[in-house]
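Tertiary structure, described
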Amino acid sequence: MTNFRKDLDKRLKDAKFKNEYEQLEPDFIIMQALIDARKRLGLTQQELAQRTHINQADISKIEKGISNPSLNTLKKLAKGMNMRLKIAFVPIED
């Protein structure tokens with residue numbers, strides 16, 4: 001287990017921290033999914049920007065979690081990577 005994971009597990013025992021972390025989880029998932037998909041295809045941010053006509057700086061902001069992409073932007077990114085966007089609602093687990 002990494003030091004990051006150990007520290008995170010420790011912090012998640014604090015109810016306030018856990019609540020904040022859980023509120024940000026969808027953002028983290030989007031960020032990581034975009035990074036993973038882009039890298040799996042061997043694309044740079046600049047190459048993805050050229051394919052989608054989305055500014056490279058904006059792609060960087062999404063990947064860093066500085067910007068919340070719209071649904072339209074996510075669809076453009078998916079299309080630019082020849083993928084489909086899949087969004088799901090799942091039950092909350094206790």
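One can find the structure itself at the top, above this paragraph.
Residues numbered from 1 in each chain as written. Predicted model: local features only at pLDDT ≥ 70, side-chain atom pairs only at ≥ 80, totals over all residues. Heavy atoms only, no water.

**Structural notes on the overall build of the chain**
Along the backbone of the chain there are five helices and zero strands. Along its sequence from the N terminus, the chain presents helices and strands in the succession α-α-α-α-α. For the chain, the C-alpha radius of gyration of 16 Å lies well beyond 12 Å, the compact-globule estimate for 94 residues. Projected onto its principal axes, the C-alpha coordinates of the chain cover approximately 45 × 30 × 20 Å. Each of the 94 residues in the chain was classed as buried or not, and the buried ones make up 22%. A fraction of 43% describes how many contacts in the chain between residues 6 or more apart in sequence connect residues 24 or more apart. When the accessible area of the chain is evaluated, it comes to approximately 7,700 Å², of which 52% is carbon and sulfur surface. (Helix = DSSP H or I, 4+ residues; strand = E, 2+ residues; numbered from the N terminus. Rg over C-alpha atoms; globule rule 2.2 N^0.38 Å. Buried < 20%, exposed > 50% of the residue type's maximum accessible area, 1.4 Å probe, protein only. Contact = heavy atoms within 4.5 Å. Areas by Shrake-Rupley, 256 points an atom, 1.4 Å probe, with all protein chains shown as cover.)

**Quick look at the environment of F89**
Within the secondary structure layout, F89 lies in the segment after α5 (71–80). The spatial distance from the C-alpha of F89 to the C-alpha of L34 is 19 Å, given a sequence separation of 55 residues.

**A short note on helix α2 (residues 15–40)**
For α2, with 26 residues, the first-to-last C-alpha span of 36 Å sits near the 38 Å given by 1.5 Å per residue. Buried-residue contacts for α2 involve α3 (45–52), α4 (56–64) and α5. G42, located one to two residues past α2, shows a positive phi value of around 75°. (Expected span 1.5 Å × (residues − 1).)

**Examining the nonpolar core**
One finds L34, A37, L43, L48, A49, I54, I59, I62, L74, L77 and M81 forming the largest nonpolar core, which totals 11 residues. Of all elements in the fold, only α2, α3, α4 and α5 reach the threshold of two or more residues within this core. Apart from residues lying up to four places away in sequence, M81 is in contact with L34, A37, R38, L41, L43, L48 and R51. (Core = buried A, V, L, I, M, F, W, Y, C linked by side-chain atoms within 4.5 Å.)

**Things to note about the packing of aromatic side chains**
Counted according to the given criterion, the structure contains two aromatic pairs. Between Y21 and F28, the ring centres sit 5.7 Å apart and the planes meet at 45°, which makes this aromatic pair tilted. The rings of F17, Y21 and F28 are connected pair by pair, giving a single aromatic cluster. (Phe/Tyr/Trp six-rings, centres within 6.5 Å; stacked < 30°, edge-to-face > 60°.)

**Notes on the pattern of salt bridges**
A full pass over the atoms with the stated rule returns four salt bridges. The salt bridge involving D9 is made with R5; its shortest N-O contact spans 3.0 Å. One end of the pair, D9, and the other, R5, are both in helix α1 (residues 3–11), four residues apart, so they sit about a helical turn from each other. A salt bridge links D7 to R11; its shortest N-O distance comes to 3.0 Å. (Salt bridge = Lys/Arg side-chain N within 4 Å of Asp/Glu carboxyl O.)

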